[in-house]
Amino acid sequence: MRFTLVVHSAPYQSASAGTALRFARAVLDAGHQIHRVFFYREGVHNASALASPPRDEQNLPQEWRALAKEHDLDLVVCIAAAVRRGILDKEEAKRYEKKAGNLAKRFELSGLGQLIEASVVSDRVVTFGGGR
């Protein structure tokens, strides 16, 4: 089965982002595929290269990157939500005349079209957080 995950919560806003990560691991361990993980709304903060939690806490942004590297996952961050919240890659930082980008490696900025495409080709789309 092919899954797409949508993460709406920041890494330390609630348990949602951590639950999404554990779900992703379980899906992969069960032999299923993850087509894409799409970070939207506050979830874009999972892609920050500047997150520095205390050493005794889970570093969710780092763990997403490690999982993506291990399984060659597509980690897509909604560009509109990211820019609005100050998550920028090098190109967007230049475009908005900022000194540097802060998008972590393995994440890419893109539009909602990536979520739509992922929804079409996936068997299941599972959403975490964003109970508005």
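Just so you know, these numbers come straight off a predicted model, no measurement behind them. (Residues numbered from 1 in each chain as written. Predicted model: local features only at pLDDT ≥ 70, side-chain atom pairs only at ≥ 80, totals over all residues. Heavy atoms only, no water.)

Engineer: Give a detailed account of unusual backbone geometry, specifying residues and quantitative values.
Structural biologist: Backbone geometry places Arg-41, a non-glycine residue, at a positive phi of 50°. Checked against the element boundaries, Arg-41 lands in the loop between strand S2 (33-39) and helix H2 (60-71). Given the relative accessible area of 34%, Arg-41 is considered partly exposed. The residue Arg-106 is not glycine, and still its phi comes out positive at about 80°. (Helix = DSSP H or I, 4+ residues; strand = E, 2+ residues; numbered from the N terminus. Buried < 20%, exposed > 50% of the residue type's maximum accessible area, 1.4 Å probe, protein only.)

Engineer: Summarise the packing of helix H1 (residues 16-29) against H2; cite the residues concerned and give the values.
Structural biologist: Across the interface, H1 lies against H2 with an axial gap of 10 Å and an inter-helix angle of 20°. Our classification of the angle between H1 and H2 gives roughly parallel. Crossing geometry of H1 relative to H2 is assigned as left-handed. Contacts between H1 and H2 involve Ala-17, Gly-18, Ala-20, Leu-21, Ala-24, Arg-25 and Leu-28 from the former and Leu-60, Glu-63, Trp-64, Leu-67 and His-71 from the latter. Looking at the contact of H1 with H2 residue by residue, the class counts come to eight nonpolar, two polar and two charged. (Axes fitted to C-alpha atoms, helices over the stretch in contact; angles between N-to-C directions. Parallel < 35°, antiparallel > 145°, perpendicular 65-115°, else oblique. Left-handed = near helix turned anticlockwise from the far one by under 90°. Contact = heavy atoms within 4.5 Å. Nonpolar A, V, L, I, M, F, W, Y, C, P; charged D, E, K, R; others polar.)

Engineer: Report on the packing of aromatic side chains, specifying residues and quantitative values.
Structural biologist: A full pass over the atoms with the stated rule returns five aromatic pairs. Taking 6.2 Å as the distance between ring centres and 45° as the angle between the ring planes, the aromatic pair formed by Phe-38 and Tyr-40 counts as tilted. These aromatic residues form a ring-pair network of at least three members: Phe-3, Phe-23 and Phe-128. (Phe/Tyr/Trp six-rings, centres within 6.5 Å; stacked < 30°, edge-to-face > 60°.)

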